[in-house]
Amino acid sequence: MALQLSVLDQSPISEGMTAEAALKQTVELARHAEQLGYERFWVSEHHDSPSLAGSSPEVLISFLAAKTTTIRVGSGGVMLPHYSPYKVAENFRVLEGLAPGRIDIGLGRAPGGMPAATMALQGGSRYRPVDRYPEQIDELLGYLTDDIARNPYGGLKATPLVQQVPEMWLLGSSPSSAMLAASKGLPYTFAQFINGEGGPQYMEEYRRNFRPSAYLKQPKSMVAVFVVCAENDEEAERMASSLDLSLVMLEQGMPSSGTPSPEKAAAYPYSPFEQQRVWENRKRMIVGTPEKVRDELHRLSELYQTEQIMAISIIYDFKQKLRSFELLADAAKA
């Protein structure tokens, strides 16, 4: 199965780096990914995070679309329960008008931050309407496709009235998200970089329960995974150690000023519990030489029965991150 590679970038901030530098690196990576032949470049939504600069994907997408010419750009994703579907539809119709045929809208229902950020986004309310998420998806589709039956306000139009519709994907890491995508007849991306267990089974349930829609006739899927690629295993492991420590710190609520260096990771005194967490988290990653990464990508493709794979790389040194994506692109063609 021929692979189609894409990129998800969370605009990670390495220790000692500014948020401005992290955003600049995201732009440079998008242009680099386009030159290397990647299919899509998505950016994420995280709030109140000292280690991730991507808090507003719609704004970042517009800048990326202006700095690239052919690669699809989109959200991975917009956390829809925080927002009005009408406003999201107008944001993405503007983006589609600016970059016709190149805009993806990936949707999720996770909070994208801690409770205080959620309250701030909800105007001080502790209630986030995740139970309305399926209804919000219908409403958003109604505005994007001018489907009056899905529109709760009758003839209300989401403007501008552009000629094409952004490509919508539902994102998730659970069986419920897979079933929701199947029931709506929408493309589905499983976030293995979030949940290293059960993904192939959930994807099979998505395909088995898929209901064709006016938007999509056949199941369409993708899997997203952490990838670290280097010329040799030793260097790949050294680069991945920064992500190992980042995840352990995040899971335990430890203060962080950004992605730690490999030197800091090497000096960290892992407890037996933390070492076990590192091993478990490696289920969410592919780490190694181009040959090893190529084999693992094809194994993942077979497990998920999809040719579309999205790579996420959180690497302390940006030049090494660029090189990792170069090696990954070459490996997928081999």
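Residues numbered from 1 in each chain as written. Predicted model: local features only at pLDDT ≥ 70, side-chain atom pairs only at ≥ 80, totals over all residues. Heavy atoms only, no water.

Enquirer: I'm lost on empty space enclosed by the protein in this one. Help?
Expert: The probe, sized like a water molecule, is rolled over the atoms to show the empty space still left. Within the structure shown, the criterion is met by 2 cavities of 30 Å³ or more. There is about 80 Å³ of room inside the largest cavity. Taken together, the residues of the lining of the largest cavity sort by class into 7 nonpolar, 4 polar and 3 charged. In this model, the second largest cavity occupies a volume close to 50 Å³. Every residue lining the second largest cavity is listed: Gly 142, Tyr 143, Asp 146, Asp 147, Ile 148, Asn 151, Gly 154, Gly 155, Leu 156 and Lys 157. For the lining of the second largest cavity, a count of residues per class yields 3 nonpolar, 4 polar and 3 charged. (1 Å grid on protein atoms, 1.4 Å probe; cavity = no way out; pocket = protein on both sides within 12 Å on 5 of 7 lines; lining within 4 Å. Points joined across faces, edges and corners; volume = space filled by probe spheres on them. Nonpolar A, V, L, I, M, F, W, Y, C, P; charged D, E, K, R; others polar.)

Enquirer: What am I meant to see in the pattern of salt bridges here?
Expert: Between side chains of opposite charge, pairing is possible as soon as their charged atoms come close. Across all of its chains, the model carries 25 salt bridges by this definition. Here the salt bridges do not stand alone but share partners, grouping Arg 40, Arg 72, Asp 104, Glu 167 and Lys 220 into one network. (Salt bridge = Lys/Arg side-chain N within 4 Å of Asp/Glu carboxyl O.)

Enquirer: I would appreciate a short explanation of the pairing of strand 9 (residues 308-312) in the present structure.
Expert: A regular strand places its side chains on the two faces of the sheet in alternate fashion. With 5 of 5 residues buried, strand 9 lies mostly within the body of the structure. Both strand 1 (residues 4-9) and strand 9 contribute to a ladder of 4 bridges, which runs parallel. When the sheet's bridge partners are listed, Val 7 is paired in strand 9 with Ala 311. Note that strand 7 (residues 221-229) and strand 9 share 4 bridges and pair parallel. Each residue of the ladder has a partner; that of Ala 224, found in strand 9, is Met 310. (Buried < 20%, exposed > 50% of the residue type's maximum accessible area, 1.4 Å probe, protein only. Helix = DSSP H or I, 4+ residues; strand = E, 2+ residues; numbered from the N terminus. Pairing = 2+ DSSP bridges.)

Enquirer: What is the right way to read the packing of helix 1 (residues 19-36) against helix 12 (residues 318-333) from this model?
Expert: A pair of packed helices is characterised by two quantities: the angle between their axes and the separation of those axes. It is the contact of helix 1 with helix 12, at a shortest axis distance of 11 Å, that shows an interaxial angle of 20 degrees. Considered as vectors, helix 1 and helix 12 are oriented roughly parallel to each other. The way helix 1 lies across helix 12 gives a crossing that is right-handed. Of the residues in helix 12, those touching helix 1 at Gln 25, Glu 28, Leu 29, His 32 and Leu 36 are Phe 318, Lys 321, Leu 322, Phe 325, Glu 326, Ala 329 and Lys 333. Considering only residue class, the contact of helix 1 with helix 12 consists of 6 nonpolar, 2 polar and 4 charged. (Axes fitted to C-alpha atoms, helices over the stretch in contact; angles between N-to-C directions. Parallel < 35°, antiparallel > 145°, perpendicular 65-115°, else oblique. Left-handed = near helix turned anticlockwise from the far one by under 90°. Contact = heavy atoms within 4.5 Å.)

Enquirer: Even after reading the chapter, I still don't get the packing of aromatic side chains, so can you show me in this structure?
Expert: The description of an aromatic ring pair rests on the distance of the ring centres and on the angle between the ring planes. Considering all chains together, one arrives at 9 aromatic pairs under this definition. Judged by centre distance (5.9 Å) and plane angle (65 degrees), the rings of Phe 190 and Tyr 202 are edge-to-face. Placement of Phe 190 in strand 6 (residues 188-191) and of Tyr 202 in helix 7 (residues 199-209) is noted, with a sequence separation of 12 residues between them. Tyr 202 carries the same exposure label as Phe 190, and that label is buried. (Phe/Tyr/Trp six-rings, centres within 6.5 Å; stacked < 30°, edge-to-face > 60°.)

Enquirer: Got a minute to help me understand the pairing of strand 4 (residues 103-108) in this structure?
Expert: Across the 6 residues that make up strand 4, a large majority, 6, are buried. Pairing of strand 3 (residues 72-79) with strand 4, which is carried by 6 bridges, proceeds in the parallel orientation. Across the sheet, Val 78 pairs through a bridge with Leu 107, a residue of strand 4. Of the pairings in the sheet, the one linking strand 4 to strand 5 (residues 167-172) comprises 4 bridges and is parallel in character. Within the sheet, the bridge partner assigned to Ile 105 lies in strand 5 and is Met 168.

Enquirer: Looking at this structure, how should I read unusual backbone geometry?
Expert: Among all residues save glycine, negative phi is the norm, and among peptide bonds the norm is trans. Gly 76 connects to Gly 77 through a cis peptide bond whose omega is 5 degrees. Take Gly 77: it is sitting in strand 3. Residue Asp 146 is not a glycine yet carries a positive backbone phi of 60 degrees. Within the secondary structure layout, Asp 146 lies in the loop between helix 5 (133-145) and strand 5. Overall, Asp 146 belongs to the partly exposed group, its relative accessible area being 36%. At Gln 305, a residue that is not glycine, the phi angle is positive and equals roughly 55 degrees. Position of Gln 305 relative to the elements: it lies in the loop between helix 11 (290-304) and strand 9.

Enquirer: Explain helix 8 (residues 233-251) here, please?
Expert: For an α-helix, the turn length of 3.6 residues means that residues three or four places apart are oriented alike. The end-to-end C-alpha distance of helix 8 is 26 Å, a good match for the 27 Å that 19 residues give at a rise of 1.5 Å each. Considering bend angle alone, the principal kink of helix 8 is centred on Ala 240 and spans about 30 degrees. For helix 8, the side-chain oxygen to backbone nitrogen distance between the N-cap and Glu 234 is 3.2 Å, and the N-cap itself is Asn 232. Directly beyond the C-terminal end of helix 8, a positive phi value near 65 degrees is found at Gly 253. (Expected span 1.5 Å × (residues − 1). Bend = angle between axes of the 7 residues up to and from the residue. Polar contact = N/O pair within 3.5 Å; in protein donor to acceptor, adjacent residues only side chain to side chain.)

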